[in-house]
Amino acid sequence: MSRIYDISMTIKEDMQVWKNSELKRPSITNVQNHQQGKPHESKISLNVHTGTHVDAPLHMLENGETIETITLEQLVGTARVLDLTKIRGEIARQDLLPFNIQEGERILLKTANSFTEAFDPEFIYLREDGAAYLAELNVSLVGIDALGIERSQPGYPTHRTLMGRNIVIVEGLRLQDVPPGAYTLIVAPLKLTGIDAAPARVILIDG
């Protein structure tokens, strides 16, 4: 029997946000309710990079493509979870070499990030040379269990390298309970248009 893993963050007001910035925190408010004799309705305000989300090239590339240009064919299909939980600091090319990554693969990077729900400014990230290696292999998608795929790199070379090769970036995954291996991946970003990202529900199916 297939097992389904929901590997997306729950959107709530006390969730982890980038650099713990209050400006990044989602706001959920009740706009009408049963006590008023009306149906219960809520309003949500959030940055499109909140929680689990898909980056579009426009996020880092001037005149880059917007979120609606990323196709379902890129977001749905076979993916492989790589166990990088022993890595500290950064994922480099040499860390990826043992996995025999193939052209066109969708790669999800499972790290120690998945084991905390608090924002860690020293989160594990994909270093520029690791991104260059994945770009050389022409993978189709890279996901990571941090709110960003890189930090502390002037000019955002990891983003730019991947986006320059039309490689989809998914950030904010939750992979704590997912064993390494091959799965069917479903990434379902909100159907937005003309902007730089979209929050997403992300699911892995085993078997």
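Computed from a prediction, not measured in an experiment: that's the story for all the values here.

A.B. asks: Would you take a moment to explain the overall build of the protein for this structure?
C.D. replies: Along its length, the protein carries four helices and 12 strands. Relative to its length of 207 residues, the protein is compact, with a C-alpha radius of gyration of 17 Å against a globular reference of 17 Å. Reported as C-alpha extents along the three principal axes, the dimensions of the protein are approximately 60 × 45 × 30 Å. Within the protein, the proportion of its 207 residues that are buried is 46%. Considering only contacts in the protein between residues 6 or more positions apart, those separated by 24 or more positions represent 71%. Split by element, the accessible area of the protein, about 10700 Å² in all, is 50% carbon and sulfur. Charged side chains in the protein number 20 positive and 27 negative. The centres of these two groups are separated by 3 Å.

A.B. asks: It is not clear to me how unusual backbone geometry should be interpreted in this structure. Could you clarify?
C.D. replies: For residues that are not glycine, phi is negative in most cases, and the peptide bond is trans in most cases. Even without being a glycine, Lys19 presents a positive backbone phi close to 55°. Position of Lys19 among the secondary structure elements: in the loop between β1 (3-6) and β2 (27-32). Look at Lys19 and you get exposed, because its relative accessible area is 61%. The backbone of Asn166 sits at a positive phi, close to 60°, despite the residue not being glycine. Here Asn166 falls in the exposed class, since its relative accessible area comes to 53%.

A.B. asks: What exactly am I supposed to notice about the pattern of salt bridges here?
C.D. replies: A side chain with one charge may pair with a side chain of the opposite charge, provided their charged atoms come close. A full pass over the atoms with the stated rule returns eight salt bridges. A salt bridge links Glu105 to Arg80, with the nearest nitrogen and oxygen atoms 2.9 Å apart. With Glu105 in the loop between α2 (93-96) and β7 (106-110) and Arg80 in strand β5 (residues 76-83), this residue pair connects regions lying 25 residues apart in the sequence. For the pair shown, Glu105 and Arg80 are each scored as buried.

A.B. asks: Is there a simple way to explain a nonpolar patch on the surface in this structure?
C.D. replies: Where nonpolar side chains cluster on the molecular surface, the patch consists of Ile11, Ile28 and Ile44 and spans about 230 Å² of accessible area. Its place among the elements puts Ile11 in the loop between β1 and β2. On the basis of relative accessibility, which here comes to 33%, the residue Ile11 falls in the partly exposed class.

A.B. asks: Help me understand the packing of aromatic side chains, please; the structure alone is not making it clear to me.
C.D. replies: Given two aromatic rings, their pairing is described by the distance between the two centres and the angle made by the two planes. Scanning all chains against the criterion turns up four aromatic pairs. Arranged with centres 5.5 Å apart and planes meeting at 65°, the rings of Trp18 and Phe119 form a pair that is edge-to-face. Here Trp18 is found in the loop between β1 and β2, whereas its partner Phe119 is found in the loop between β7 and β8 (125-126), with 101 residues between them in sequence. A connected cluster of aromatic rings, assembled from ring pairs, spans Trp18, Phe119 and Phe123. Across the ring face of Phe123, the terminal group of Arg151 is positioned such that the distance to the ring centre comes to 5.7 Å.

Parameters at a glance
Residues numbered from 1 in each chain as written. Predicted model: local features only at pLDDT ≥ 70, side-chain atom pairs only at ≥ 80, totals over all residues. Heavy atoms only, no water. Helix = DSSP H or I, 4+ residues; strand = E, 2+ residues; numbered from the N terminus. Rg over C-alpha atoms; globule rule 2.2 N^0.38 Å. Buried < 20%, exposed > 50% of the residue type's maximum accessible area, 1.4 Å probe, protein only. Contact = heavy atoms within 4.5 Å. Areas by Shrake-Rupley, 256 points an atom, 1.4 Å probe, with all protein chains shown as cover. Lys, Arg positive; Asp, Glu negative; His and termini not counted. Charge placed at Lys NZ, Arg CZ, Asp CG, Glu CD. Salt bridge = Lys/Arg side-chain N within 4 Å of Asp/Glu carboxyl O. Patch = residues over 30% accessible without salt bridge, like charges linked within 9 Å, V, L, I, M, F, W, Y side chains within 5 Å. Phe/Tyr/Trp six-rings, centres within 6.5 Å; stacked < 30°, edge-to-face > 60°. Lys NZ or Arg CZ within 6 Å of the ring centre and 35° of its normal.

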